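# Summary of the model geometry
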Amino acid sequence: TRKSRPQRLLKAVEGKATLGDPQSVITAIDHFCRHKEWAMNVGDEKGSILDSLVIELSPVNVLELGTYCGYSTVRIARLLPPGARFITLEFNPDYAAVARQVIGWAGLEDKVQLVEGASGDWIPRLREHFGVQMFDLVFLDHWKDQYLPDTKQLEECGLIQKGTVLLADNVICPGTPDYLKYVRNSPHYDSRYYRSHLEYTKVEDGLEKSVFLGF
Ligand SMILES: O=c1[nH]cnc2c(O)c(F)c(-c3ccc(F)cc3)c(-c3ccc(F)cc3)c12
Ligand SMILES: [Mg+2]
């Protein structure tokens, strides 16, 4: 059967990137998505905003919800300090299989723990399963309807604490209205919108950065 889009994206990485060179993997994916086939990676424009935030935060414990092909996983992992811990959750096994290979091609497999399954099932088990106490950064980039319930579950499990930064993709396109209303109206979050564009297009989209202020 015809290869899937993620598999074609992986072929583009294998054909163009240099093994062990994360930047070449990022460049190869962006080229493929801009010139061959659009795919829902955070992309180069929003990716640069993500980079700046990771560099500024220098997070030790990072959670990504929604791995897809591993593009943002590579963008984040390549900037983490030694000893940092990075868990990325992916629901779709086909996406996870491609992401493992993309992350491997970037030479970052030792920095990332890719966990397959539903975020709602895994969030309550992260502490006892991975020994993580809290996250410094959570990148929300999975299913838009899951952003709010997963955030509430992370709060309830104590995995979001004073200073934790939530960064959410696609808050305009396709949009996450209930999540935006929550973080923007809650006295427990300091929220701001980074205006950008839907990956590889001129359509408006952006990232919402929300800092938890404590209960
Ligand atoms: O689902 C997503 N997760 C994470 N990031 C995403 C992302 O960065 C996107 F740009 C899109 C997107 C936006 C506009 C569009 F036209 C197509 C796809 C989606 C998305 C939205 C609705 C769907 F039915 C399927 C995919 C996602
Ligand atoms: Mg996205």
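One can find the structure itself at the top, above this paragraph.
Residues numbered from 1 in each chain as written. Chains lettered and ligands numbered in written order. Predicted model: local features only at pLDDT ≥ 70, side-chain atom pairs only at ≥ 80, totals over all residues. Heavy atoms only, no water.

### Things to note about the site of ligand 1
The criterion, for reference: Nearness of a residue to a molecule or strand requires only that one of the residue's heavy atoms be within 4 Å of it. Polar contact is the term for a pair of N or O atoms within 3.5 Å; when the atoms are in protein, one must be able to donate a hydrogen and the other to accept it, and sequence-neighboring residues count only if both atoms are side-chain atoms. Computed with a 1.4 Å probe, the accessible areas rest on the Shrake-Rupley method; for each residue, only the protein chains presented here act as cover. With a 1 Å grid spanning the protein atoms alone, the term cavity applies to any set of points in which a 1.4 Å probe fits but cannot get out, the term pocket to an open set with protein on both sides within 12 Å along at least five of seven lines, and the term lining residue to any residue with an atom within 4 Å of a point. Any molecule with more than half of its atoms within 2 Å of a cavity's or pocket's grid points is counted as sitting in it. Gly counts as polar in this scheme, as do all residues outside two lists: the nonpolar Ala, Val, Leu, Ile, Met, Phe, Trp, Tyr, Cys and Pro, and the charged Asp, Glu, Lys and Arg.
Every residue close to ligand 1 is listed here: Trp 38, Met 40, Asp 141, His 142, Trp 143, Asp 169, Asn 170, Cys 173, Pro 174, Leu 198 and Glu 199. Contacts to ligand 1 include Asp 141, whose side-chain N or O atom sits 2.9 Å from a nitrogen atom. Here an oxygen atom of ligand 1 sits 2.5 Å away from a polar atom, N or O, in the side chain of Glu 199. Calculation on ligand 1 without its partners gives an accessible area of 510 Å², and the protein chains cover 66% of this total. Taken atom by atom, the bulk of ligand 1 overlaps the largest pocket. When its residues are assigned to classes, the shell around ligand 1 shows 6 nonpolar, 2 polar and 3 charged.

### A word on the side chain of Asn 41
Which entries qualify depends on this criterion: A helix here means a DSSP run of H or I that spans at least four residues, while a strand means a run of E at least two residues long, and both kinds are numbered starting from the N terminus. Buried residues are those whose accessible area, probed at 1.4 Å on protein chains only, stays under 20% of the maximum for their type, while exposed residues exceed 50% and partly exposed ones sit between those limits.
Topologically, Asn 41 is positioned in the loop between α2 (22-35) and α3 (43-57). When its relative accessible area of 3% is taken as the criterion, Asn 41 is described as buried.

### Focus: the pairing of strand β2 (residues 85-90)
For a regular strand, side-chain orientation follows a simple rule: the groups alternate between the two sheet faces. Let me state the cut-off plainly: Note on pairing: DSSP must find at least two bridges between two strands before they are called paired.
In terms of burial, β2 is largely enclosed, as 5 of its 6 residues are buried. With 5 bridges connecting them, strand β1 (residues 61-65) and β2 associate as parallel partners. Bridge pairing in β2 links Leu 63 to Ile 87. Relative to strand β3 (residues 112-116), β2 is paired through 5 bridges, and the arrangement is parallel.

### Some words on the side chain of Glu 155
Convention followed: His is not counted here, nor are the chain ends, while Lys and Arg score as positive and Asp and Glu score as negative. The term salt bridge refers to a pairing of a side-chain nitrogen on Lys or Arg with a carboxyl oxygen on Asp or Glu at a separation within 4 Å. Contacts are residue-level and defined by heavy atoms, with any inter-residue pair within 4.5 Å sufficient.
Within the fold, Glu 155 resides in helix α8 (residues 147-156). There is no salt bridge for the buried Glu 155, and the closest opposite charge comes from Lys 152, which lies 7.3 Å off by N-O distance. In this view, Glu 155 contacts Ile 160, Tyr 182, Tyr 189, Phe 212 and Phe 215; residues no more than four positions away in its chain are not counted.

### Quick notes on the pattern of salt bridges
Under the defined criterion, the tally for this structure stands at 12 salt bridges. For Glu 204, the salt bridge identified is with Arg 195, shortest N-O distance 3.3 Å. Assessed through its relative accessible area of 29%, Glu 204 is described here as partly exposed. Since its relative accessible area comes to 66%, Arg 195 is described here as exposed. When salt bridges that share partners are traced, they join Lys 46, Asp 169, Glu 199 and Asp 205 into one network.

### Concerning the state of the cysteines
For clarity, the threshold we go by: By definition, disulfides here are pairs of cysteine sulfur atoms that lie within 2.5 Å.
Under the criterion given, the structure shown has 0 disulfides. Considering cysteine sulfurs only, Cys 33 is the nearest to Cys 69, which forms no disulfide, with 7.8 Å between them. Judged by relative accessible area, Cys 69 falls into the buried class, the value being 0%. No disulfide involves Cys 173; its sulfur sits 15 Å from that of Cys 33, the nearest cysteine.

### Looking at the environment of Gly 214
Residue position: Gly 214 is located in the segment after β7 (204-212). Accessibility expressed as a relative area gives 14% for Gly 214, which makes it buried. The spacing of Gly 214 and Thr 67 is 147 residues in sequence and 28 Å in space, taken between C-alpha atoms. Residues within four places of Gly 214 in sequence aside, it is in contact with Lys 162 and His 188.

### Observations concerning helix α5 (residues 93-105)
Convention followed: Expected span of a helix, by definition, is 1.5 Å for each gap between consecutive residues, and there is one gap fewer than residues. Comment: arc refers to directions from the helix axis out to C-beta atoms.
With 13 residues, α5 extends 18 Å between its outermost C-alpha atoms, agreeing within 8% with the 18 Å of an ideal straight helix rising 1.5 Å per residue. Of the residues making up α5, those classed as buried are Ala 96, Val 98, Ala 99, Val 102 and Ile 103. Taken down its axis, α5 places every buried residue within 165° of arc, on the same side. Looking at the buried positions of α5, the neighbouring elements they touch are α1 (5-16), α2, α4 (71-77), β2 and β3. For α5, the N-terminal cap is Asn 92; the gap from its side-chain oxygen to the backbone nitrogen of Asp 94 is 2.7 Å. Looking one or two places after α5, you find Gly 107, whose phi comes out positive at around 75°.

Any functional reading would require information that these geometric values do not contain.
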